[in-house]
Amino acid sequence: LKTGGLRYNSTLVTWEGYNGSAWTGLGGGNPWATTTSDITVAANDRYFVDTSGGTKTITLPAAPQTGDQVSFIDVAGTFDTNALTINPNGLKIMGSTANLDIATENAGIQLAYSGSTNGWRLVQNF
């Protein structure tokens, strides 16, 4: 696979580009999906996260490119009861190597990767 390659993903019904390590969505990001499990996300993933069954951990990509983004929304309105933990996967979130816990009901966040010095930065907190 060659960095910069393009393909149409008929399963997700979207165009994707290859960033050197993974296929990611073009433009606005990958299609929204729902998760009720602990997962590792890819660049430009967008998830409705359901923590109604317990606290969930989302692990960020291990080798993001500057400008990659990820988004998460509390689909069940339960982050205040069962938090979402975001694991930076050996990198940084807001300059810190610690996990980021989201414990606000109905929260939604978007993070963008700024590079190794400061890591993932908060773009939107809605």
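This one's a predicted model, so the numbers in the text were calculated from it and none came from an experiment.

J.: Would you explain a nonpolar patch on the surface in this entry?
T.: Together, Leu6, Tyr8, Val13, Trp15 and Leu26 give the surface a local cluster of nonpolar side chains, amounting to about 560 Å² of exposed area. The topology assignment puts Trp15 in strand E2 (residues 14-18).

J.: How should the sheet that holds strand E10 (residues 100-102) be read in this particular structure?
T.: A sheet is described by the order of its strands in space; here four strands give the open sequence E5-E7-E9-E10, paired in mixed fashion. The open sheet terminates on both sides in strands that have one partner only, identified here as strand E5 (39-40) and E10. Note: E5 against strand E7 (residues 56-59), two bridges, orientation parallel. Paired with Thr40 across the bridge in E7 is Thr59.

J.: I tried to follow the sheet that holds strand E1 (residues 6-9) on my own but got confused; where do I start?
T.: Whether parallel or antiparallel, the strands of a sheet pair through hydrogen bonds between backbone atoms. Spatially, three strands are ordered E1-E2-E3 in an open sheet, and the strand pairing comes out antiparallel. One side of each edge strand has no neighbouring strand; the edge strands of this open sheet are E1 and strand E3 (23-25). Geometrically, the sheet is characterised by an average inter-axis angle of 40° between neighbouring strands, direction not taken into account. As judged from the three bridges shared by E2 and E3, these two strands associate in the antiparallel manner. Across the sheet, Tyr18 pairs through a bridge with Trp23, a residue of E3.

J.: Just to check I follow, could you spell out the nonpolar core for this structure?
T.: Generally speaking, a soluble globular protein has its nonpolar side chains buried in company with each other. Formed by 19 residues in total, the largest nonpolar core has its most connected members in Val41, Leu60, Phe72, Leu84, Ile86 and Trp120. Counting only elements with at least two residues in this core, the list comes to strand E6 (46-49), strand E8 (69-74), strand E9 (84-87) and strand E11 (108-113). In terms of residue count, the dominant contributor to this core is E11 (three residues).

J.: Can you help me understand the pattern of salt bridges in this one?
T.: Two side chains bearing opposite charge may form a pair once their charged atoms approach each other closely. Using the criterion set out here, one finds one salt bridge in the structure. For Arg7, the salt bridge goes to Glu16, with nearest N and O atoms at 2.6 Å. Arg7 sits in the partly exposed class, given a relative accessible area of 31%.

What counts, and at which threshold
Residues numbered from 1 in each chain as written. Predicted model: local features only at pLDDT ≥ 70, side-chain atom pairs only at ≥ 80, totals over all residues. Heavy atoms only, no water. Patch = residues over 30% accessible without salt bridge, like charges linked within 9 Å, V, L, I, M, F, W, Y side chains within 5 Å. Areas by Shrake-Rupley, 256 points an atom, 1.4 Å probe, with all protein chains shown as cover. Salt bridge = Lys/Arg side-chain N within 4 Å of Asp/Glu carboxyl O. Helix = DSSP H or I, 4+ residues; strand = E, 2+ residues; numbered from the N terminus. Pairing = 2+ DSSP bridges. Axes fitted to C-alpha atoms, helices over the stretch in contact; angles between N-to-C directions. Core = buried A, V, L, I, M, F, W, Y, C linked by side-chain atoms within 4.5 Å. Buried < 20%, exposed > 50% of the residue type's maximum accessible area, 1.4 Å probe, protein only.

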